Every structure is written in C-alpha cells, then in structure tokens.
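Residues per chain, in single letters:
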Amino acid sequence: MIELKHLAKTFNVGEPTEVVAIEDVTISINKNDFLVIVGSNGSGKSTLLNCISGNILNDNGEVWIDENDVTQLKEYERAKWISRVFQNPLQGTAHELSILDNFRLAALRTKSKKFSIGTTLKFENKVKEKISILNLGLENVVHKTMGTLSGGQRQALTLLMSTMDDSKIFLLDEPTAALDPKSAEIVINTANKLILQLDLTAILITHNLKEAISFGNRIIQMSNGKIIKDLNNEEKNKITINTIFNWFQ
C-alpha cells in the first residue's frame, strides 16, 4: 500500500540551523497494516508522515501509494488516498460551522467541485448514526457549532469526519497528546474501531507507551531520521511497556 524508497529530507540546507530530519528511509507498509511509530522528539516521526501525506515534499527518494508514484504530487492530490488527524484538536474542523456542516465538508473533501452533498435529512441521519458510536450524546446536537465543543469532543468527531470519503490510509499524528485521559481513551479506541471496521491502513505516532503496546500490528522506532527498530506483530506481542521505555535509555 505504501512504499518509501531511500527517503531523505533536510531542512535549512547550508545554514547553521541545518537539520537532517529523514535520512535514507526505506520501508514497505502493507494494506491493512496498523503501524505504530515511537521515537524521541526530533527523531523524524512527524516529518515522515508529512512526506507521506505530501504536506512536505522530500528532497530525495520516492513515495509510492497503492502502486502509484506520488513523489511529486501535492497534498491535495494525495487526498483521495489519505486522511489525517493531527495532535491539535482544533485542526481539521471549522469552528464557526455546525457539526453537521463540518461533516458535509468532510464528505466533499475528495469530490469534484461540481459534486455536492446537501445537508438533507438522509445525510443528517447518516451523520447521527456515525456519531452515535462515540456514546457522547453528540448525535443529538448536530446543529451545534463545532467551536462550542471540548477538545476531546472535537478530536473524536475529527476521527469520524476523516472516514466520510473513500480514503484508505489513516495518518494519526499524536491524536491524544493534548487530551485528558478519558477523552484520550475515547479517541484512541474509536480510531482503532474505525481502522478495523473499514479495513484501513494506518500509521500512529505516539509518545504514550500504553498506546504503543495496545494498538497496531507493527511498531518501529525512529532516531535521528532513521528507522532503528522494526518489529512485526509476533515480535510486538512479546514486548512490554518497559521494553519500549528502555529503548530510550
């Protein structure tokens, strides 16, 4: 599904602040893989996701998605394959619009500009049904503006919104980092449920060692722009939180 071939990215080339963010990374991520990425701050985790999504174009190497070379494609051109949830709950939603209108925009994300989805009763009922899986009661207030919700509520809705189109790759960049423990649990469990139900290929960046152990079928560790550990499902099932903690020693 995703192939990265000798990927490299350096920021501020030739300047005193030059940073090698990604250095010669080659990795294959299979369809329906749920890959967890751990690593210290500055290890290259988010830059790797940015290169996959097209938010940042790599300096060298290739990015392939579903056997298509997308290396030179911009972020919006890769959107038909990729949905993304960010660390900041305020990203990915329009705070001045209603929950329903936000879902309408999400449903149009990868559609032609000539295609329209009205907020019909049928569409509203579809959104309510989708939201109801959160058990937060938000399906009863879909006309409420997004800006009046808590960060955890918005992040949970962002997860659902990201599955309103046909994209098959789910990029999760520390989606629970800014949330309280209860909200974080709802968000990560909802993400896992969606990944399994919709047969998504997913990548999760997390600093939460419990999440790293509990979710995904594969885990990699990054350091100084390189992948230094890559464990398959069988190997991952044998490690503990302490194992990962010791990786950072």
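Note: the structure precedes this text.
Residues numbered from 1 in each chain as written. Predicted model: local features only at pLDDT ≥ 70, side-chain atom pairs only at ≥ 80, totals over all residues. Heavy atoms only, no water.

Okay, the overall build of the protein chain next. Scanning the protein chain for helices and strands turns up nine helices and 10 strands. Its C-alpha atoms give the protein chain a radius of gyration of 18 Å, near enough to 18 Å, the size a compact globule of 249 residues would have. Taking the principal axes of the C-alpha coordinates as reference, the protein chain spans close to 50 × 40 × 35 Å. Taking the intrachain contacts of the protein chain between residues at least 6 apart in sequence as the baseline, contacts between residues at least 24 apart amount to 68%. Per element, the accessible surface of the protein chain, about 12500 Å² overall, is 48% carbon and sulfur. Positive and negative side-chain charges of the protein chain, numbering 28 and 29 respectively, have mean locations separated by a distance of 6 Å. (Helix = DSSP H or I, 4+ residues; strand = E, 2+ residues; numbered from the N terminus. Rg over C-alpha atoms; globule rule 2.2 N^0.38 Å. Contact = heavy atoms within 4.5 Å. Areas by Shrake-Rupley, 256 points an atom, 1.4 Å probe, with all protein chains shown as cover. Lys, Arg positive; Asp, Glu negative; His and termini not counted. Charge placed at Lys NZ, Arg CZ, Asp CG, Glu CD.)

So, about the layout of surface pockets. Counted as a void, the largest pocket has a volume near 440 Å³. Broken down by secondary-structure element, the contributors of at least two residues to the lining of the largest pocket are α2 (75–78), β6 (82–85), α3 (99–107) and α5 (151–161). Considered class by class, the residues forming the lining of the largest pocket number eight nonpolar, seven polar and four charged. (1 Å grid on protein atoms, 1.4 Å probe; cavity = no way out; pocket = protein on both sides within 12 Å on 5 of 7 lines; lining within 4 Å. Points joined across faces, edges and corners; volume = space filled by probe spheres on them. Nonpolar A, V, L, I, M, F, W, Y, C, P; charged D, E, K, R; others polar.)

Next up on the list: unusual backbone geometry. A positive phi angle is found at N12, which is not glycine, with a value near 55 degrees. Mapped onto the fold, N12 is located in the loop between β1 (2–11) and β2 (19–29). Phi at N224 takes a positive value of approximately 50 degrees, unusual for a residue other than glycine. Residue placement: N224 occurs in the loop between β9 (218–223) and β10 (226–231).

Our focus in this paragraph is the sheet that holds strand β3 (residues 34–39). One open sheet holds the six strands; their spatial order is β6-β7-β8-β3-β9-β10, and the pairing between them is mixed. Each end of this open sheet is capped by a strand with a single partner; those strands are β6 and β10. Direction aside, the axes of adjacent strands within the sheet are offset by 20 degrees on average. (Pairing = 2+ DSSP bridges. Axes fitted to C-alpha atoms, helices over the stretch in contact; angles between N-to-C directions.)

This part is about the packing of α3 against helix α4 (residues 121–131). In contact at an axis separation of 10 Å, α3 and α4 are set at 100 degrees when each is read in the N-to-C sense. By the angle class used here, α3 and α4 are roughly perpendicular. Here I99, L100, F103, R104 and A107 of α3 lie close against α4, whose contacting residues are F123, E124, V127, K130 and I131. Across the contact of α3 with α4, the residue classes tally to seven nonpolar, no polar and three charged. (Parallel < 35°, antiparallel > 145°, perpendicular 65-115°, else oblique.)

What follows covers the side chain of K236. Tracing the chain through its elements places K236 in helix α8 (residues 233–236). Polar contacts involving the side chain of K236 include one to the main-chain carbonyl oxygen of I213, which spans 3.0 Å. (Polar contact = N/O pair within 3.5 Å; in protein donor to acceptor, adjacent residues only side chain to side chain.)

Judged by nonpolar contacts, the single largest core of 43 residues is most densely connected at F103, I131, L157 and I219. Excluding residues that lie within four positions of it along the chain, I219 makes contacts with L35, V36, V38, A212, K229, D230, L231, K236, I239, I244 and W247. (Core = buried A, V, L, I, M, F, W, Y, C linked by side-chain atoms within 4.5 Å. Buried < 20%, exposed > 50% of the residue type's maximum accessible area, 1.4 Å probe, protein only.)

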